[in-house]
Amino acid sequence: MKVKLLSALNDNNVDMAQTSSQRQLAMTIFAIAGELDQNLPLNLCLILDRSGSMHGQPIKTVIQAVEGLIDRLKAGDRISVVAFSGSAEVIIPNQAIEDPESIKSQIKSKLSASGGTAIAEGLELGITELMKGTRGAVSQAFLLTDGHGESGLRIWKWDIGRDDNKRCLQLAQKAAKLNLTINTFGFGNSWNQDLLEKIADVGGGTLAHIERPEQAVEQFSRLFGRIQSIGLTNAYLLLSLVPNVRLAELKPIAQVAPDTIELPVEPEADGSFAVRLGDLMQDVERVVLANIYLGQLPEGKQAIAHLQIRYDDPLVNEQGLLSPLMPVYADVVRAYQPISNPQVQQSILALAKYRQTQLAEAKLQQGDRTGAATMLQTAAKTALQIGDKGAATVLQTSATRLQAGEELSEADLKKTRIVSKTVLQE
């Protein structure tokens, strides 16, 4: 068995007398390192912003970060590089790593900053390059930008020109269907946090913030370490519920580790549900939380769901492999006493921190500064409950500034978004 699947309910006991009981089902998934013979080859595409705002130190540090990644690639790995400004071009076509110094030299000579920010065009070329090297490999993109996509012009009923942001999300969805993962890096404090988060979430990747140029090398290295540990790809969680058990209608499933992401649910032909997980790291837990409702059930140990992971193993070129079918049980009792699972409770709080921060951002956009400050304080307290002191500090600081009548800077907003999704990297 190459994939591990564990499950737990926040409360395993269910009151037999209740017509409806809500439970949180936590599912932990990871590739088992000991079952995998070697690390998978990497097929990496770097999609880099070279717009005018990247001129000088920013582009120099990005080049330095890229050179660090190239030095860590091994024989059998593949690299491609796309640069975009007002338009995009492939500056390093997809190729096996044979002459790293030549690749670095070409990047240095071609990655000069000027022009606008056509993110979608860069993303489209990047996906095309990645598709040339997918066989037997982990295919991931690093998309880095310091700006916003270029929006189309709308005059009355008609859209004039292309909306870059809309195209980006369509391309991220296409990439996910092609088993490609897109990670996004916001450089500085002027990038579109909503867009980059959505691209990463849809593309099964990670959102990172490079607040200062000197952090580029560290952030690239951190994420590269993650993708080096990937053992299995194109993973889906398959969830089948028994009669009288249902998913919540609104936001029923979310990932809470290693990052918090609202996950889309796809109904299957047999009535079960499929949730795309993407790539699975070796011995690094992916934790998914499902919000379910149980109707009245007979007394005793009852199976309420069945779980399975469908995945690909690129090393042996096998697709659609299935883990053993795993039942989930609840104890339906007459004399109900709750049995809280502390680990599941931690996952619930991690998701609460994210959603409370989202509510705070929505209130701020509506002009409700008091409401936003209150929600940020609530999110800070939630972060403390799970031991995330870094997030608690950031969230409380933003709340205090709002209460003092101050505006939140772009840097404040970016850091707030990042800490809502994951544990703050010190």
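In short, a report on the structure. (Residues numbered from 1 in each chain as written. Predicted model: local features only at pLDDT ≥ 70, side-chain atom pairs only at ≥ 80, totals over all residues. Heavy atoms only, no water.)

Attention now goes to the overall build of the protein chain. Counting its regular elements, the protein chain contains ten helices and 21 strands. Expressed as a percentage of its 426 residues, the buried residues of the protein chain come to 53%. Nonlocal contacts in the protein chain, meaning residues at least 24 apart in sequence, comprise 76% of its contacts between residues at least 6 apart. Surface exposure of the protein chain reaches about 18600 Å², of which carbon and sulfur atoms provide 50%. Across the protein chain, the 42 positively charged side chains and the 48 negatively charged ones have centroids separated by 2 Å. (Helix = DSSP H or I, 4+ residues; strand = E, 2+ residues; numbered from the N terminus. Buried < 20%, exposed > 50% of the residue type's maximum accessible area, 1.4 Å probe, protein only. Contact = heavy atoms within 4.5 Å. Areas by Shrake-Rupley, 256 points an atom, 1.4 Å probe, with all protein chains shown as cover. Lys, Arg positive; Asp, Glu negative; His and termini not counted. Charge placed at Lys NZ, Arg CZ, Asp CG, Glu CD.)

This part is about the pairing of strand 10 (residues 181-187). Counting buried positions along strand 10 yields seven of seven residues, so the element is predominantly enclosed. As paired elements, strand 7 (residues 138-145) and strand 10 share six bridges and run parallel to each other. Its bridge partner lying in strand 10, Thr145 is registered against Gly186. Sheet topology places strand 10 next to strand 11 (residues 204-210); five bridges connect them, and they run parallel. For Ile182, the partnering residue across the bridge sits in strand 11 and is Gly204. In this view, the connection linking strand 10 to its parallel neighbour strand 11 by way of helix 5 (residues 193-202) has right-handed handedness. (Pairing = 2+ DSSP bridges. Right-handed = clockwise from strand over helix to strand, strands pointing away.)

Under the definition given, this model contains two cavities of 30 Å³ or more. The computed volume of the largest cavity comes to approximately 70 Å³. If you go around the largest cavity, the residues you meet are Ala200, Asp201, Gly205, Thr206, Leu207, Asp259, Ile418, Lys421 and Thr422. For the lining of the largest cavity, the elements supplying multiple residues, two or more each, are helix 5, strand 11 and helix 10 (410-421). If you tally residues by element for the lining of the largest cavity, the top one is strand 11, at three residues. Classifying every residue of the lining of the largest cavity gives three nonpolar, three polar and three charged. Roughly 40 Å³ of internal volume is contained in the second largest cavity. (1 Å grid on protein atoms, 1.4 Å probe; cavity = no way out; pocket = protein on both sides within 12 Å on 5 of 7 lines; lining within 4 Å. Points joined across faces, edges and corners; volume = space filled by probe spheres on them. Nonpolar A, V, L, I, M, F, W, Y, C, P; charged D, E, K, R; others polar.)

Contact geometry for helix 7 (residues 342-365) and helix 8 (residues 369-385): axes closest at 8 Å, N-to-C directions at 165°. By the angle between their axes, helix 7 is roughly antiparallel relative to helix 8. The crossing of helix 7 and helix 8 is left-handed. Residues Gln346, Leu349, Ala352, Lys353, Gln356, Thr357, Leu359, Ala360, Lys363 and Leu364 of helix 7 touch helix 8, and the partners they reach there are Arg369, Gly371, Ala372, Met375, Leu376, Thr378, Ala379, Thr382, Ala383 and Gln385. (Axes fitted to C-alpha atoms, helices over the stretch in contact; angles between N-to-C directions. Parallel < 35°, antiparallel > 145°, perpendicular 65-115°, else oblique. Left-handed = near helix turned anticlockwise from the far one by under 90°.)

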